[in-house]
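# Summary of the model geometry
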Amino acid sequence: MTGTIRNRDTFLTEIATRLGREPKLNVQKPVWKHQPQRAVLKDASADELLEVLRNQCLQIHTDLIETKLADLPKTLAEAVKLYGGGPLSLWKDERFDKYGLTNLIENEWPAENIEVNSWDTTLGEKNIELAEQANIGITFSDMTLAESGTVVLLSSSDKGRSVSLLPTNYIAIIPKSTLVPRITQAADLIREKIDNGEQVPSCINFITGPSNSADIEMNLVIGVHGPVKAAYIIVNDC
Amino acid sequence: MKVSLFITCLVDMFYADAGKDMVEVLERQGCELSFPKGQVCCGQPAYNSGYVENSKSAMKNMIKTFDGAEFVVTPSGSCATMFKMYPEVFKDDPQWRTKAQELADKTYEFTEFLVDVLKVENVGAKLSGKATYHPSCHMTRLLGVKEAPKKLLEQVEGLEMVPLPNAHNCCGFGGTFSVKMGDISEQMVDEKVNSAIETEADYLIGADCGCLMNIGGRAERTGKPIRVMHIAQVLNSHE
Amino acid sequence: MAMKFSTKNFTDRTKDNISDDFMRKAVAGAQERLHGRRLDAAEELGNWEEWRSHGEEIRQHVLENLDFYLHQLSENVAERGGRVFFAKTAEEASVYIRDVVEKKEGKKVVKSKSMVTEEINLNSVLEEAGCEVIETDLGEYILQVDDHDPPSHIVAPALHKNRDQIRDVFAEKLDYNKTSKPEELALHAREKLRKEFLAADIGITGCNFAIAETGSISLVTNEGNARLVSALPKTQITVMGMERVVPSFEEFEVLVSLLTRSAVGQKLTSYVTALTGPRGEGDVDGPEEFHLVIVDNGRSEILGTEFQSVLQCIRCAACVNVCPVYRHIGGHSYGSIYSGPIGAVLSPLLGGYDDFKELPYASTLCGACTDACPVKIPLHELLHQHRQVIVEEEGRAPISERLAMKAFGIGASSNPLYSMGAKVASTAMRPLTKNDRISKGPGPLKEWTDLREFPAVGNQRFRDWFYDQKGGK
């Protein structure tokens, strides 16, 4: 599916003219003189990054729960209870199985009458409705930025945008191995994808804690349009 | 060390005492002072109002006047900044540009000269009381002289320095702004005066007579009890 | 709302706002908080100046090669199935958007915050076409509900309003019956707006940065409203000023880091979203159709001029948050949707001197804005540049001022003339002087002495003292 472009030539010619030259057809990005972003947490170990993340979570009103891989089902089940239970909205993501959560999702929660809805493209728009009604949305973090306390979510057909957005609460499961210093490394990941000939996902979300606003008298209000609460569960997988 | 004084219009006409104090402080440090007679105004009032062409004759006069000086020292961060901007003003005029650059390179604000060139922080001043310092905008931001006055004031015997709330905010002088935009200037200077009063300081010290004339003039008009002093006056106090 | 929203003159607007005590307290408080947060965020990095230099070099490179990057951007948007429309004027942009909405039979439009859509007067155009347009940024929503009160700050548009005013507006227009606690007010807005998001046909967003290499657009918010606007409606229209493009994700991340730190002192805001094209194959959420409208509206005329650097702006409002003039007069005094130092530079360029010639004079040239700018726009120099253009090219200064400055040019260039003038002034002022002070000055001095004492000319000028003492060395 290719889109369309209208009115481009005259528009760009005008720009070139104003800049006093012919239109440019090829520009090489320069080697930048300054690259301060590369120095941030440059040689930090995974544990040091985790410590940075812990502190940052205090700034961004986000609960941080640390657990071992073996305890993840228990930890997640407790967290879900803590935030008021179901209905739950989940990505369809093989990592739930890989991290030993299949039993929890398929057996334990249903047994406790906790409604679980995993994203299912065959249901079409019903997915959005279910996410909207959910009490908690749960996703994995594809990359986790220690400096800012950010989870990076790459959306796809199985990983809807709505899961981290419409439910009242949001839980991100963060494999410790996804920790990187900062958003610079996310840009590097995208560079890798481009170099491998992959398409950039149609939606990349950088999520840093719950939704908030300071539009009324500069008073911070947590929970405006997106989730009212956010929690990160760090799984020690490395 | 031979120093040519660039005294500025305000000090020449209204604040001669601050100029005399600067002379005495510098002489005590062993400087040999001269006052190049041709000096008038650096051109800033016209320049800042947008009359760049009209200001050039004043600038050229200053460049000629200080030709041959070794160091040019001035009791004003704002006027020193104007000299530093001359090369940019004359950027398309190769003949004047070079001369402007020479002048800019040898020009120092008074406290900057003491601390950075003469390497003096304690000039032996004594003044008892509590004081707060207003960092003037052009001096701190455009000229980049932030620490020198503080270092010098810290060494004044008997003087207790207290921080000025929202010190970074402009006092509302801004040259012609103070009369062109009187309504706004009034609000700005009132806040500055009130911040100074809040500190319960006896003195508000500054290094630019424009700001001091504004703050002092407003404090006096509104009956606020604070004495405004140029830093040269403080550094030449012995009581 | 178009860029200009007031018919009053600058002096009257300023007077109105100076007497608004609540607004002034709100602005002062916000400035102090944001100033501190910004400094903390910068200090934490340890090498803020290097970050600024990097931001500057990226933005300068983009502007120098703007045609190339816009070409690349449009190619990549189209490759991913997006529709790109280049709009030379505000009208072209808003008419195109209206046509898209009409073609889609859109009735309900949800919008996330966008200054450029204000600039092109989009809401009115859509409303005239029979659409319901809902602003979803909490601040913008409050203003919209309050009969389209203009924004007073480019990041916190409702900064001038207090909680009681907001409660009253909500009570009157939205059947609100709770207290003025911000939490309760925000919850009410959440509930109202969630329904609107779900029901809307069209989502309209601004664009913080567009990424040329991937054809992506990005949205930076704390509330998450831009995510909803871009996730739920079937059609998304993104409107961007043409300068807001970056080469790739590498530069994007640097500018976002600068933006969030400078705007609110956060390392990143709660949501930074990069969107590429419409929803992907098999996706359930995200728009089926994606339009990108790239707006010139006077920007190209700034390119290649001494004002080009203003287009480096990333709309963080750091300059607004440190401006001592904005502090006292608030955003509405500027009469433009772009207020503060950036507004005082940009509004005359986009809107003309007829409406905005006072703005460049509403500054003491204190340089706080220039110091705060994360991409090193020399804002106070651009304000000065405007003055020069107004005086020397446009000839708009009053005759009395022109004559005075001419006299200055002559008098200040020669000591004999200056000394003569000083003597005349001294003599003239003597009768007005009491206790070394002048309290009621004549002519131009009156403006000064209306507010402050003026010092008397000393008995002896410094230079005369110096000659006396040192023998005229």
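Residues numbered from 1 in each chain as written. Chains lettered and ligands numbered in written order. Predicted model: local features only at pLDDT ≥ 70, side-chain atom pairs only at ≥ 80, totals over all residues.

## Some words on the domain arrangement of chain B
All names here are of chain B. Condition: Note that the domain bounds were set by an automatic or database domain assignment. Here the contact rule is simple: place C-beta atoms from the backbone, and any two residues whose C-beta atoms are within 7 Å are in contact. A run of H or I in DSSP counts as a helix once it spans at least four residues, and a run of E counts as a strand once it spans at least two, with each numbered from the N terminus.
Examined at the domain level, chain B breaks down into domain 1 (2-116) and domain 2 (122-235). Here the C-alpha centroids of domain 1 and domain 2 sit 22 Å apart. The interface is formed by 27 residues belonging to domain 1 together with 23 residues belonging to domain 2. Broken down by secondary-structure element, the contributors of at least two residues to the side of domain 1 that touches domain 2 are α1 (9-13), α2 (16-28), α3 (44-48), α5 (77-89) and α7 (110-117).

## With respect to the pairing of strand β6 (residues 216-221) of chain C
Residue and element names in this part refer to chain C. Put simply, the rule reads: Exposure in this text rests on C-beta crowding, where 20 or more other C-beta atoms within 10 Å of a residue's own make it buried, 12 or fewer make it exposed, and counts in between make it partly exposed. The C-beta atoms are placed from the backbone. A pair of strands is considered paired only if DSSP assigns at least 2 bridges between the two.
Among the six residues of β6, six are classified as buried, and the element is accordingly described as predominantly covered. Judged by which residues are buried, β6 turns out to be covered on both faces: Ser 216, Ser 218 and Val 220 on one side and Ile 217, Leu 219 and Thr 221 on the other are all buried. Summarising the sheet, strand β5 (residues 209-211) and β6 pair through three bridges and their orientation is antiparallel. Looking at β6, one finds that Ala 210 is bridged to Ile 217. Where β6 and strand β9 (residues 271-276) come together, six bridges link them in antiparallel fashion. Across the sheet, Val 220 pairs through a bridge with Val 272, a residue of β9.

## Description of the interface of chain A and chain C
The partner chain C presents 85 residues to the 71 residues of chain A that form the contact. Listed by contribution, the elements that provide at least two residues to the side of chain A that touches chain C are β1 (4-6), α1 (8-18), α6 (126-133), α7 (183-195), β10 (203-207) and β11 (212-213) of chain A. If you tally residues by element for the side of chain A that touches chain C, the top one is α1 of chain A, at seven residues.

## Quick word on the sheet that holds strand β3 (residues 132-135) of chain C
Put simply, the rule reads: Here an axis means a line fitted to C-alpha atoms, over the contact stretch when the element is a helix, while the angle between two N-to-C directions is reported on a 0 to 180 degree scale.
Across the sheet, seven strands lie side by side as β1(A)-β1(C)-β10(C)-β7(C)-β4(C)-β2(C)-β3(C); this open sheet has parallel pairing. Where the open sheet ends on each side, the last strands, each with one partner, are β1 of chain A together with β3 of chain C. Here the average twist between neighbouring strands, direction ignored, is 20 degrees.

## Some points on the nonpolar core
Condition: Joining buried Ala, Val, Leu, Ile, Met, Phe, Trp, Tyr and Cys residues through C-beta atoms within 7 Å gives a set, and that set is a nonpolar core.
Judged by nonpolar contacts, the single largest core of 294 residues is most densely connected at Ile 233 of chain A together with Leu 255, Val 293, Ile 294, Val 295 and Cys 319 of chain C. At nine residues, helix α12 (residues 249-264) of chain C tops the list of elements feeding residues into this core. Ignoring anything within four residues of it in the chain, the contact list for Val 293 of chain C reads Phe 85, Ala 87, Ala 93, Tyr 96, Ile 97, Ile 237 and Val 239 of chain C.

## Concerning the UniProt feature "domain: Cysteine-rich" (unreviewed entry) in chain B
Residues and elements named next belong to chain B. Operational definition: UniProt positions are given in the numbering used here, feature names are shortened, and annotations may be inferred rather than shown by experiment.
Here the UniProt feature "domain: Cysteine-rich" (unreviewed entry) sits at residues 3-84 and 132-215. Annotated as residues 3-84, this span is 55% helix and 12% strand, and its ends, taken at the C-alpha atoms, are 17 Å apart. End C-alpha atoms of residues 132-215 are separated by 13 Å, and the span's content is 50% helix alongside 14% strand.

## Quick notes on the UniProt feature "binding site: [4Fe-4S] cluster 2" (unreviewed entry) in chain C
Look at the UniProt record and you will see "binding site: [4Fe-4S] cluster 2" (unreviewed entry) annotated at Cys 323, Cys 366 and Cys 369 of chain C. Maximum C-alpha separation among the annotated residues is 8.8 Å over a sequence range of 47 residues, consistent with a single clustered spot. On the secondary structure map, Cys 323 of chain C appears in the loop between α13 (318-322) and α14 (324-329). Filtering out sequence-adjacent residues up to four positions away, Cys 323 of chain C remains in contact with Gly 340, Pro 341, Ala 368 and Cys 369 of chain C. With respect to the element layout, Cys 366 of chain C can be found in the loop between α16 (353-356) and α17 (368-372). The buried category is assigned to Cys 366 of chain C, around which 29 C-beta atoms lie within 10 Å. Apart from the residues lying within four places of it in its own chain, the contact partners of Cys 366 of chain C are Cys 137, Cys 170 and Gly 174 of chain B together with Pro 324 of chain C.

## Describing the domain arrangement of chain C
Looking at the assigned domains, one finds that chain C contains domain 1 (10-295) and domain 2 (418-470). Taken over C-alpha atoms, the centre of domain 1 of chain C sits 54 Å from the centre of domain 2 of chain C.

## Side note on the packing of helix α4 (residues 52-65) of chain B against helix α19 (residues 399-411) of chain C
Operational definition: Orientation is classified from the angle alone, with under 35 degrees giving roughly parallel, over 145 giving roughly antiparallel, 65 to 115 giving roughly perpendicular, and any other angle giving oblique. Take the far helix as your reference; a near helix turned counterclockwise from it by less than a right angle gives a left-handed crossing, and one turned clockwise gives a right-handed crossing.
At a minimum axis distance of 7 Å, the contact between α4 of chain B and α19 of chain C shows a crossing angle of 20 degrees. In terms of axis orientation, α4 of chain B runs roughly parallel to α19 of chain C. At the point where α4 of chain B passes α19 of chain C, the crossing takes the left-handed sense. Only Met 405, Lys 406, Phe 408 and Gly 409 of chain C of α19 of chain C make contact with α4 of chain B, whose side of the interface consists of Asn 54, Ser 55, Ser 57 and Ala 58 of chain B.

## Quick notes on the UniProt feature "binding site: [4Fe-4S] cluster 1" (unreviewed entry) in chain C
Residues and elements named next belong to chain C. In this structure's numbering, the residues bearing the UniProt feature "binding site: [4Fe-4S] cluster 1" (unreviewed entry) are Cys 313, Cys 316, Cys 319 and Cys 373. Considering the C-alpha atoms alone, the annotated residues occupy 61 residues of sequence yet fold into one spot, their largest mutual distance being 10.4 Å. Residue position: Cys 316 is located in the loop between β10 (289-295) and α13. Setting aside chain neighbours within four positions, we find Cys 316 in contact with Leu 259, Ser 262, Ala 263 and Pro 374. Note that Cys 319 resides in helix α13. For Cys 319, a count of 27 C-beta atoms within 10 Å corresponds to the buried category. Setting aside residues no more than four positions away along its own chain, Cys 319 makes contact with Gly 340, Pro 341, Ile 342, Cys 369, Ala 372, Cys 373 and Leu 379.

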